[in-house]
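# Fold and contact review
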Amino acid sequence: MRNYLSFEGLSWLVFVLFVIIVPLFLSSFYLRLMSLIGLYSLVVMGLVLLTGYAGLASLGQAAFMGVGAYTAAILSSRFALNPWLSMIAGILLAVLIAWLIGLITLRLKGHFLALATLAWGLVITGILRNWISVTGGNTGFGSATGNRFPPLSILGYPLRDERLYTYLIWFFVLLVLFLSLNLMRSRMGLAIKALRTGSIAAASFGVNVSQLKMLTFLLAAAFAALAGALFAFKELFIDPKIADLSTSINLLIMAVMGGIGSLTGAIFGPGLFVFLESFLQEYLPWLIGRSGNYEIIAFGFILIFILHRARQGLLPLLRDLLPASPVKPINHQAEPLPKRILDRAEGEVLLRVDDVSKNFGGLRAVDSLSFEVKRGEILGLIGPNGAGKSTMFNLITGVLRLSEGEISFKDSLISKLAPHQIAQRGIARTFQHLNLIGNMSLLDNVVLGGYGRTKANVWQGMLGLEGGERERARAEAHRQLKRVGLAEQSFERADSLALGKQRLVEIARALMADPELILLDEPAAGLRKHEKAELIDLIRKLKAEGITVLLVEHDMELVMTLCERIVVVNYGTKLAEGSPKAIKQNPKVLEAYLGSESASL
């Protein structure tokens, strides 16, 4: 076993031994509880991917559990379809429904998305309750209602024994855990984590955000449908409660208890929930002296305590008390990632902004602005706060759509392209407001910048078949961190750094994309004097390597030192354009922005 195996990887190995040995000694009652924990774990793992990593809140995951259960039961009962094929069909139908829902719902954000998933869950539950001729309605579906369907079987042997079924459920739990752990270590897994901090940053290094959100939503639906189908064949009876809102809420509570950002927590949470529920149902009525569903009240207090004392969940809290797992070493001998061939013909127009305007309702943030960035130059874009500089960056990178005008890159129109398509053309950027993933290492943050230079798909990621591509990306990321002077801190968390150094990490991430044009939005903010000097040297080295730089900065000493040309904007319009010397002496610029003392810079 390699010494860099993560905590989650070690937990996976422990669980393998656990599910092989422990069921041999359990009674039927505890085997049933263990099976229930496994079924819940499958759904909660999908919730961790969707909500914990991708930041997409869902209150309707139990509905997909219901789709998987009812589809498998109906097909095997009324159409005599093989139970395994019925289970696959249930998963596929849940994925199809999730895709249709996602086309409409995933455009929403925050609590709007949560409410939308809640609404869709209520719709699906309503269908299960009211389509009586097919689903049996509130009476349920199964042998007790005259709808007999066979149990799952292996090699013709029906799985009726509780112990065997426990092993089957936990085989799927461990399989899904293995695939999910591999996925989250992969190229696409890192991109999924980037969605939580905001889609703008993810798109800036080439991630197709809408596609990745949909992929995560479909995986979560598939895991839930698998759990539902397994439940149906285990119990040989289902009712709409499997898909209702209370089940979805319980699943979310399990995810929060275990750790919404931890895949192993997706097993710990359901385990804690199921055993607590069983314990409270048995002993609370005896303690209080009357019968009732008092466990609901108890879970309310438990959840409040967790949210107050362990917001990341109980398992991450316990993990923080353990020694950190050794990190995987960087393979410095790995073959370099493919590099973009840069045209060295300096002086030609690389980026053209032609009469561009942007309206936000009645506010005209950018007004008929035109300028050119020539290949190989360092161009400064300066102006007062609110002048439209960051808006211009967002227009260039496709984050915002133009109201008027055109933007071209290498003589090709890019103003109608999606952000990830523009990034793949060779434009990278940093942000005025930092967009790093704080709980990830510097190295992994920078690896994300190379998303467009790597090709491994979701299946290769889940199966751990990325080959040497991951090693190559990590080695390249370390080289970029070395360029900005942070190689020694590669494995530190990004949020442990001072603001100025976090800005250097963003520059390293942008360089990881191997761009032709890099847009730097206030890169010197928060830097100390010696760090600014190092930044100036770095930008000059980039120019020497053939990279073109468009710079927004309020540090006029840095701007005047670095830039060959400067464009000044005020109230969204171009106020002046010229050399640093001409800009320093321009009366309009002095009055609107620089002030008279700037003439001495």
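Note: the structure precedes this text.
From a predicted model like this one, the values you see are computed outputs, not experimental measurements.

### Looking at a nonpolar patch on the surface
On the surface, L93, L96, W99, L100, L103, I104, W120, V123, I127 and W131 cluster together into a nonpolar patch covering about 920 Å² of accessible area. Those elements giving two or more residues to the nonpolar patch turn out to be α4 (83–105) and α5 (110–130). Broken down by element, the nonpolar patch gets its largest block of residues, 6 residues, from α4. Mapped onto the elements of the fold, L103 is located in helix α4.

### Some thoughts on the sheet that holds strand β13 (residues 565–570)
Reading across from one edge, β10-β11-β12-β7-β13-β14 is the order of the 6 strands in this open sheet, with mixed pairing throughout. Each edge of the sheet is formed by a strand with only one pairing partner; in this case those strands are β10 (427–429) and β14 (573–578). Neighbour-to-neighbour, the strand axes of the sheet open up by a mean angle of 20°, direction not taken into account. Where β13 lies against β14, 5 bridges are found, and the strand directions are antiparallel. Looking at the pairing, V569 lines up with K574 of β14. Along the sheet face, helix α15 (residues 389–396) touches β7 (378–382), β10, β11 (517–521), β12 (548–552) and β13 and points at about 150° away from the line of β11.

### Focus on helix α20 (residues 499–512)
Given 3.6 residues per helical turn, the α-helix brings residues three or four places apart onto the same face. In a regular helix each residue adds 1.5 Å, so 14 residues correspond to 20 Å; α20 covers 20 Å between its end C-alpha atoms and thus fits that length. Burial runs high along α20: 12 of the 14 residues are buried. Buried residues belonging to α20 abut α9 (199–204), β10, α17 (442–449), α19 (469–483), β11 and α21 (529–544). D514 lies just past α20 and shows a positive phi near 55°.

About the criteria used
- The residue count restarts for each chain, going from 1 along the sequence in the order it is written.
- Under the rules for a predicted model, residues below a pLDDT of 70 receive no local features and side-chain atom pairs below 80 are neither given nor counted, while totals for whole chains, interfaces and linings still include all residues.
- Computation of side-chain values: all heavy atoms of the structure, hydrogens and water removed.
- The residues that make up patches have over 30% relative accessible area and no salt bridge, and they are joined within 9 Å when like-charged or within 5 Å when they are Val, Leu, Ile, Met, Phe, Trp or Tyr.
- Throughout, the Shrake-Rupley method with a 1.4 Å probe supplies accessible areas, and for residues the shown protein chains are the sole cover considered.
- For salt bridges, the criterion is a side-chain nitrogen of Lys or Arg within 4 Å of an Asp or Glu carboxyl oxygen.
- Counting from the N terminus, the helices are DSSP H or I runs at least four residues long and the strands are E runs at least two residues long.
- Paired strands, as defined in this entry, are two strands with at least two bridges between them according to DSSP.
- Between the N-to-C directions of two axes lies an angle of 0 to 180 degrees, each axis being a line fitted to C-alpha atoms and, for a helix, fitted only over the stretch in contact.
- The criterion used for residue contact is that any of the two residues' heavy atoms lie within 4.5 Å.
- The span you would expect from a helix comes to 1.5 Å times its residue count less one.
- Relative accessible area decides the class of each residue, using a 1.4 Å probe on protein chains only: under 20% of the type maximum gives buried, over 50% gives exposed, and in between gives partly exposed.

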